[in-house]
Amino acid sequence: MKQAEKTVMPLKDAFKGKFLLGTILGVAALQEKSRQDTELATMHFSAITPENSLKPEAVQPREGEFRFAEGDKLVELCKSCGATAIGHTLLWHAQTGRWMFEGKEGQPLTRELALTRMRTHIGTVVGHYKGKIAQWDVVNEAINDGPGVLRPSPWLKAIGDDFIAEAFRAAHEADPKATLIYNDYNIELNYKRPKAVELIKKLLAQKVPIHAVGIQCHWRMDNPNFTEVEDAIKEYAALGLKVMITELDLGVLPTKYQGADIGFRQQMTPEQQAVMNPYTKGLPSSVAQAHAERYRLAFEMFLRHQKTIGRVTFWGTHDGSSWLDDFPIRGRTDYPLLFDRQGKTKPAFFAVQNAATQPPRAPGRPGGFGGPIKLNPDDIQAFPDPPAEINAQRDVPHGKLELVEYDSKTVGVKRKVNVYTPPGYDPGRKYPVLYLLHGIGGDETEWLRFASPNLLMDNLLAEGKAQPMIIVLPNGRAQKDDRPGPNAMATAPAFAVFERDLLDDLIPAIEAKYSVKSDRESRGVAGLSMGGGQSLNFGLGHLDTFAWVGGFSSAPNTKPPAQLVPDADAAKAKLKLLYLSCGNKDGLIGISQRVHGFLKEKGVAHVWNVDSHAHDPTHWRNNLYSFLQRVFQAK
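Residues numbered from 1 in each chain as written. Predicted model: local features only at pLDDT ≥ 70, side-chain atom pairs only at ≥ 80, totals over all residues. Heavy atoms only, no water.

1. Some details on the overall build of the protein
A count of helices and strands for the protein gives 21 helices and 17 strands. Taken against the 2.2 N^0.38 rule, which gives 26 Å for 635 residues, the C-alpha radius of gyration of the protein at 27 Å falls within 12% of a compact globule. C-alpha atoms of the protein, sized along the principal axes, occupy 80 × 55 × 45 Å. The 635 residues of the protein split such that 60% are buried. Taking as baseline every contact in the protein between residues at least 6 positions apart, the subset at least 24 positions apart corresponds to 78%. Of the roughly 25,100 Å² of accessible surface on the protein, 52% is carried by carbon and sulfur atoms. (Helix = DSSP H or I, 4+ residues; strand = E, 2+ residues; numbered from the N terminus. Rg over C-alpha atoms; globule rule 2.2 N^0.38 Å. Buried < 20%, exposed > 50% of the residue type's maximum accessible area, 1.4 Å probe, protein only. Contact = heavy atoms within 4.5 Å. Areas by Shrake-Rupley, 256 points an atom, 1.4 Å probe, with all protein chains shown as cover.)

In structure tokens:
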């Protein structure tokens, strides 16, 4: 860590008096082999958890053989820097020695033997650290993702469904002053939260000494919905428990999986590398800023509930120490934490720090930009939020996604564009084409990162909910160096130039290479943010070219309504679909509201969907999902 980084105000100082701010230390750090991790942990965090060193297999690899050296080092480090030591984890179905679940001399494991081993393990470990480790994740990931409340783990099979209660009682007996936590992933989500609530209510009714619920929070850029998370925090608080955010990270790479079941693995073919592992040479500034914004929103939520939340722990000190490089896909380069691989602060660091040190945002200014939000009576949600798995990779026929080049006379270079062709693409058949435009900080890969439109389409086609179509994902920054760069706003003029590039170069190139319908009723254009403004400008400005137009949380580049629709009668006659959307937490909603109001006044039919999101990937994914089910459909 460079000296300049040591001049940054420690995060733990920013959060003093609010809640503990924690991180983890791996085996290397606790064996004094990773100075960078140790320096970051002791400088910036007020709580430290051992990543693996106190898991059952690590601390008791064989019956009666306890290894405390790394746990003792953790306690020593915490004492030296004034941090709180956290214990993780006493009971888990994974990373537990096989001997724990084997009976004597090959006989089946009896309930009595399983209880004895469990109580001995917990009593010995917690007893060794009595008064030194303040909080324990007692039971980890016991709730089932599928049917039923409890996971069919070896502990459940050997002891029965009271094994959780017995574990908490054993921990409490060994250290009556320790805070005892039930820890799990996805229990902030609607599908799993009711199971957690049912379990906790049962434990409380039995007078089991449980003090807190630990929500792991292994999150992504496009999920979960923070409204759902906030509801979960409130519901657990209503049970009289503290909430601990125990394993927070925010990955930027695409994945179909939401959660932390280490038994799950997703494969990546060589052809998928460009989309599934796009940042091997570094994280683009635009993505780093979006990542910071996502962290800001998360911490503003945590701070709203600081009376309930006792701790927020990051699962890793810096990007190079994150488990997400190998989960759920091995060998990728993810960027989920506040410090980069050299231990330097990222934009996310300052977003988190500012959330704690700056006054709370005034009402009506969410999202970090835009003006005060004023909702009108008709600013309502037209379609319910779809489930998070709409763009999961399912066992259905898949289309083809390819990166191709075209000659741009407008720019004077060959330009790159991603093109999706549907499953069973037949050159003897003619297809409609949707041009899908990105935001100011993105490029031809942005939609793939935020929403995976190729997988959205595969799934919709399999369900019979969309028309087969070709989707074109261009780079809307029409200049020779079309990468976002450190100052994406400086490239804004190139987005206006893209109008000619689209009409004069890209559309002809697509229609020459692919088997497409070339009439206006078979072309659509839609986009997010800056791309939403482009789509409205280009689509409504060229009704002889496009009949299907969509703008999702359109940005300030959107033309004034009277310029967008100078001839309302022509728009009524030629438009097949005009789709507008924005989130009610988006500071840019006024732009879309003005367009909607003008269209309503002029009697131009359109979809108007105001959901509960901000200027974020969840809004864009959900509205693309709705748009794809309506584009190129007969009225």
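The structure having been displayed, the exposition proceeds.
2. Brief notes about the confidence of the model for the protein
With 96% of its residues at a pLDDT of 70 or more, the protein shows a mean pLDDT of 93. A low-confidence stretch, residues 362–370 (pLDDT under 50), is modelled with 22 contacts involving residues beyond four sequence positions or located in other chains. (pLDDT = per-residue confidence, 0-100.)

3. Some remarks on helix 6 (residues 111–128)
Taking 1.5 Å of rise per residue, 18 residues should cover 26 Å, and helix 6 covers 25 Å from first to last C-alpha, within 8% of that figure. Against helix 4 (56–59), strand 3 (84–92), strand 4 (135–140), helix 7 (154–159) and helix 8 (163–174) lie the buried residues of helix 6. (Expected span 1.5 Å × (residues − 1).)

4. Observations regarding the packing of aromatic side chains
Taken as a whole, this structure holds 29 aromatic pairs when the rule is applied. Consider the rings of Tyr-295 and Phe-314, whose centres lie 5.9 Å apart with planes at 55°: the pair is tilted. One end of the pair, Tyr-295, is in helix 12 (residues 285–304); the other, Phe-314, is in strand 9 (residues 309–314), with 19 residues separating them in the sequence. Both rings, one in Trp-447 and one in Phe-552, keep their centres 6.1 Å apart while their planes meet at 85°; by these two values the pair is edge-to-face. (Phe/Tyr/Trp six-rings, centres within 6.5 Å; stacked < 30°, edge-to-face > 60°.)

5. Describing empty space enclosed by the protein
Inspection of the entire model under this criterion finds four cavities of 30 Å³ or more. Taken as a whole, the largest cavity holds about 70 Å³ of empty space. Forming the walls of the largest cavity are His-218, Trp-219, Arg-220, Thr-255, Tyr-257, Gln-258, Gly-259, Leu-324, Phe-327 and Pro-328. When grouped by side-chain class, the residues that make up the lining of the largest cavity number five nonpolar, four polar and one charged. Size it by volume and the second largest cavity reaches roughly 50 Å³. Surrounding the second largest cavity, Leu-91, Trp-92, His-93, Val-139, Asn-140, Glu-141, Ala-142, Ser-153, Trp-155 and Phe-163 form its lining. Among the secondary structure elements, those contributing two or more residues to the lining of the second largest cavity are strand 3 and strand 4. Residues belonging to the lining of the second largest cavity are distributed by class as follows: six nonpolar, three polar and one charged. (1 Å grid on protein atoms, 1.4 Å probe; cavity = no way out; pocket = protein on both sides within 12 Å on 5 of 7 lines; lining within 4 Å. Points joined across faces, edges and corners; volume = space filled by probe spheres on them. Nonpolar A, V, L, I, M, F, W, Y, C, P; charged D, E, K, R; others polar.)

6. So, the environment of Trp-447
Here Trp-447 lies in helix 14 (residues 446–450). Sequence-wise, Trp-447 and Arg-621 are 174 residues apart; in three dimensions their C-alpha atoms are separated by 8.5 Å. In contact with Trp-447, not counting residues within four places along its chain, are Leu-436, Leu-437, His-438, Ser-452, Pro-453, Leu-473, Gly-527, Leu-528, Phe-552, Trp-620 and Leu-624.

7. A word on the pattern of salt bridges
Side chains bearing opposite charge may pair, as long as their charged atoms lie close to each other. Inspection of every chain in the model, using the stated rule, returns 36 salt bridges. Among the ionic pairs, Asp-145 bridges to Lys-192, the shortest N-O distance being 3.1 Å. Within this pair, whereas Asp-145 is found in the loop between strand 4 and helix 7, its partner Lys-192 is found in the loop between strand 5 (179–184) and helix 9 (193–205), the two being separated by 47 residues in sequence. When the shortest N-O distance is used, the salt bridge between Glu-300 and Arg-296 registers 2.7 Å. Separated by four residues within a single helix, Glu-300 and Arg-296 lie in helix 12, roughly one turn from each other. Connected through salt bridges with shared partners, the residues Arg-415, Asp-443, Glu-444, Arg-449, Asp-482, Arg-483 and Asp-501 form a single ionic network. (Salt bridge = Lys/Arg side-chain N within 4 Å of Asp/Glu carboxyl O.)

8. Details of helix 8
In a regular helix each residue adds 1.5 Å, so 12 residues correspond to 16 Å; helix 8 covers 17 Å between its end C-alpha atoms and thus fits that length. When you tally the buried positions in helix 8, you get nine out of 12 residues, the bulk of the element. What helix 8 keeps buried is the set Phe-163, Ile-164, Ala-165, Glu-166, Ala-167, Phe-168, Ala-170, Ala-171 and Ala-174. Where helix 8 is buried, its residues meet strand 3, helix 6, strand 4, helix 7, strand 5 and helix 9.

9. Points about the pairing of strand 15 (residues 548–552)
Along strand 15, five of the five residues are buried, which leaves the element largely enclosed by surrounding structure. Burial along strand 15 is two-sided: the residues Trp-548, Gly-550 and Phe-552 and Val-549 and Gly-551 are all buried. Note that strand 14 (residues 523–528) and strand 15 share five bridges and pair parallel. Counted as the bridge partner of Leu-528 is Phe-552 from strand 15. Handedness of the crossover joining strand 14 and strand 15 through helix 17 (residues 530–541): right-handed. Bridge count for strand 15 against strand 16 (residues 577–583) is five bridges, and the pairing is parallel. Looking at the pairing, Phe-552 lines up with Ser-581 of strand 16. (Pairing = 2+ DSSP bridges. Right-handed = clockwise from strand over helix to strand, strands pointing away.)

10. Examining the pairing of strand 13 (residues 470–473)
Where burial is concerned, the two faces of strand 13 agree: the one with Ile-470 and Val-472 and the one with Ile-471 and Leu-473 are both buried. Across three bridges, strand 11 (residues 413–421) lies against strand 13 in antiparallel orientation. Considered in strand 13, the bridge of Asn-418 is made with Leu-473.

11. Comments concerning the nonpolar core
Across soluble globular proteins, you tend to see nonpolar side chains buried next to one another. If you look at the biggest cluster of nonpolar residues, it comprises 107 residues, and the most contacted ones within it are Trp-136, Val-139, Tyr-236, Leu-248, Tyr-295, Phe-299 and Phe-302. At 10 residues, the largest contribution of residues to this core is made by helix 12. With sequence-adjacent residues up to four places away left out, Phe-299 is seen in contact with Phe-15, Phe-19, Leu-21, Leu-248, Val-312, Phe-314, Val-352 and Ala-355. Core analysis: the next-biggest nonpolar cluster, separate from the first, contains 43 residues, Val-417, Tyr-435, Phe-546 and Val-604 among them. (Core = buried A, V, L, I, M, F, W, Y, C linked by side-chain atoms within 4.5 Å.)

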